[in-house]
Amino acid sequence: MSRLETDLLDSLSAELSQQLKDRVDRALLEFIRPNSASQFAQEAPELAKFREAIAQNDAIDDREFLRIFREFVPTTNYEAYRPFIAKFFVTPCKEADVKDMFAPGLPYFLAMSSMTSGKSVKIFPKYRPPAYLLQHPLYLALPPSVGITLSPSSLRYSQILTIDCENGQSKQVTVCSLSIGFLRMAMNWDVEHDNERLDLWLPGQTDPYAISFVKSYRAFFVLNALFALADRRLTIIRFFFANVFVTFLQYIEDEWSLLIDCIEKGVIPDVENLDNLREPLEKLFKPNPLRAAELREIGPPGIQGWAVRVWPDLTKFVGITGGPAAASVPKITHALGPSILTQSPAYGSSEGGVAITYHKGDPNTDYMVVFVDVVTEFLDVHSNEPSERVLSVHELEAGGHYEPVLTTRNGLWRYRLGDVVTVKGFAPDDGLPVISYLHRREGGIVMAFGTTCTESQLTNAIVSAANRWIGQIMDFTIVCDDRDTPITYGYLVEIGGVIGNDARMATQQTFEHLVANNEFRTAFWQGRARKPTIRLLEKGTFAEYRRQKCDKTNISISQVKVPVVLSDQKFREWFLERVTIEL
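The model shown is predicted, which means the values in this text are computed figures rather than measured ones.

## With respect to the sheet that holds strand 22 (residues 579-582)
The sheet built from 4 strands is open, its strands ordered 19-20-21-22 with mixed pairing. At either end of the open sheet lies a strand with only one pairing partner, and these are strand 19 (472-481) and strand 22. Neighbour-to-neighbour, the strand axes of the sheet open up by a mean angle of 30°, direction not taken into account. Note: strand 21 (residues 533-537) against strand 22, 3 bridges, orientation antiparallel.

## Points about the environment of Leu-138
Among the structural elements, Leu-138 can be located in the loop between strand 3 (123-126) and strand 4 (148-150). We classify Leu-138 as buried; its relative accessible area is 14%. As for Leu-138 and Tyr-81, which are separated by 57 residues in sequence, their C-alpha atoms are 23 Å apart.

## Remarks on the packing of helix 10 (residues 242-254) against helix 15 (residues 329-336)
Viewed as axis vectors pointing N to C, helix 10 and helix 15 meet at an angle of 60°, and their least axial separation amounts to 9 Å. Judged by the angle between their axes, helix 10 and helix 15 are oblique. Helix 10 and helix 15 meet at a crossing whose hand is left-handed. Contacts between helix 10 and helix 15 pair Ala-242, Asn-243, Phe-245, Val-246 and Leu-249 from the former with Lys-331, Ile-332, Ala-335 and Leu-336 from the latter. Here the contact of helix 10 with helix 15 is composed, by residue class, of 7 nonpolar, 1 polar and 1 charged.

## Some remarks on helix 16 (residues 455-470)
Among the residues making up helix 16, those that are buried are Glu-455, Ser-456, Leu-458, Thr-459, Ala-461, Ile-462, Val-463, Ala-465, Ala-466, Trp-469 and Ile-470. Tucked into the core, helix 16 has its buried residues touching strand 18 (433-440), strand 19, strand 20 (488-496), helix 17 (505-514) and strand 21. Once helix 16 finishes, Gly-471 follows within two positions and takes phi at roughly 140°, a positive value.

## A look at the sheet that holds strand 8 (residues 316-320)
Strand pairing in a sheet relies on backbone hydrogen bonds. The paired strands run either parallel or antiparallel. Spatially, the 4 strands line up as an open sheet ordered 4-7-8-9, and their pairing is parallel. A single partner strand is all that each edge strand has here, and the edge strands are strand 4 and strand 9 (341-343). When strand polarity is set aside, the average angle formed by the axes of neighbouring strands in this sheet is 20°. Examined bridge by bridge, strand 8 and strand 9 share 3 bridges and lie parallel to one another. Along strand 9, the bridge assignment pairs Val-318 with Gln-343.

## Some remarks on the packing of aromatic side chains
Applying the stated criterion across every chain yields a total of 41 aromatic pairs. Aromatic pair Tyr-81 and Tyr-415: ring centres 5.9 Å apart, planes at 55°, arrangement tilted. Linking Tyr-81 in helix 6 (residues 78-85) with Tyr-415 in strand 16 (residues 415-416), this pair joins segments that are 334 residues apart in sequence. Looking at Tyr-81, the relative accessible area reads 0%, which means it is buried. For Tyr-415, a relative accessible area of 1% corresponds to the buried category. The cationic tip of Arg-33 hangs over the ring face of Phe-65; the distance from NZ or CZ to the ring centre is 4.2 Å.

## Things to note about helix 8 (residues 178-187)
Within helix 8, 7 of the 10 residues are buried, which leaves the element mostly enclosed by the surrounding structure. Of all the positions in helix 8, only Leu-178, Ile-180, Gly-181, Phe-182, Leu-183, Arg-184 and Met-185 are classed as buried. Next to the buried residues of helix 8 lie strand 2 (109-112), strand 3 and strand 6 (170-177). The positive-phi residue at the C-terminal boundary of helix 8 is Asn-188, with phi of around 55°.

Definitions and limits used
Residues numbered from 1 in each chain as written. Predicted model: local features only at pLDDT ≥ 70, side-chain atom pairs only at ≥ 80, totals over all residues. Heavy atoms only, no water. Pairing = 2+ DSSP bridges. Helix = DSSP H or I, 4+ residues; strand = E, 2+ residues; numbered from the N terminus. Axes fitted to C-alpha atoms, helices over the stretch in contact; angles between N-to-C directions. Buried < 20%, exposed > 50% of the residue type's maximum accessible area, 1.4 Å probe, protein only. Parallel < 35°, antiparallel > 145°, perpendicular 65-115°, else oblique. Left-handed = near helix turned anticlockwise from the far one by under 90°. Contact = heavy atoms within 4.5 Å. Nonpolar A, V, L, I, M, F, W, Y, C, P; charged D, E, K, R; others polar. Phe/Tyr/Trp six-rings, centres within 6.5 Å; stacked < 30°, edge-to-face > 60°. Lys NZ or Arg CZ within 6 Å of the ring centre and 35° of its normal.

This is the structure we're talking about:
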């Protein structure tokens, strides 16, 4: 029996249940009392019944306020917020037009979603929280650690908005990724003075500040690799998405000779678009022939435990290894070796932070719900009720599948996140639910045969087959394969190393995995579906995909993730042009 199974409660006692109710009520009131005066709460059609119920009561105590919230606030999606967010992008933007838009005051920055679906980017205003929360794990872009951390971060932003304030001055608001916004907020790094900090090198980090402004995708990875390889004291590796670490290793392998020569001589390589960043980097990088000789003896990535040989003090890897990143886990664990602890940073999104890592369980997949940035309610995805009932945390059942619904400090009201999570149980000390991410609720491909395999089913099928037959997966995505009838799931896979001798067996095993889905199995036997296809792609395809997405959207280099299901028709054709073999 695992430690997690012995620690977690299957159900809540009456005492823990009441404690949870009280915690939720306090957090909700902290958010919705001030936010009920926002422009969104006062004008959004979705909250009309809520406003009417409030207006009918002269003096509303906390208990009645919560009752009205739960009875009259419906679930919402991004479309409800879109016209209000658009006001920030009007030129000129007047303070009176955007002040108190979703929460009191003006936002510190506007967070961009990671944008995997091919649809337009979503924007979420973020307001400065109480000062004590900036030290909470959900807000720390660079958590404190003992030793040296490799945590490549980009301070690139999409644009800067100017708000004309009523006092005659102006306020600049950055549109950027969530992690960049939190980092700037915690460090008080305004955009206006970025160039004055180019000589900065934060203690405990392998990368100097200047690397954060490198625009070139290749140069960003090469320079981060250069400074990381030069420092053998490294103790922690941190990538937001774990499969980006695979791209990092790929650049090290491709540029190995160049990197070692530069470490030996203490020079910055001739990479593109450095401009004014070269001089501060040259000041900080010194020759280290002994380290270069040590690295030459070890050699480039390839052997099991390579990372521990390069960085003998390495103890932990932090990065999201679930969802699309799951395919790259074997490659990562091979490079790290069996002695390195791996864990996920947290569970959440640009909309809000839902849960923190539950270290008493599996630190890669298990998260404990907290009420810091959001109050999370849930929809039972298997409910047969005609209208979905919103459940509070004390109403959840272990083993149930739910969609998180967020009411946030930053002004979202019962916002449907679109994920599906499962409840593993409840923490024994305070009853907080421990959850694991499963898949997107609408994330699969709905085929002509009328069935959908979930993202997790599609991912598990190819990971299992690749481990046995194909080789180490670097990355993958799925398109509708309509070259024959009926259409089917078309896997596009990039592998590292040599293709397995019996790689063609992978298609059959992937199929056997998918027919565990009852709808797919029925459609197949009725002739409305066929076996999936697997096509292998050129080396470096997904690194190039991420580079293009960065250039196109100006989002953070570390935030680009590959969708399990690719809906962007332009990129679909682009991927298909890079197919090298079909299994």
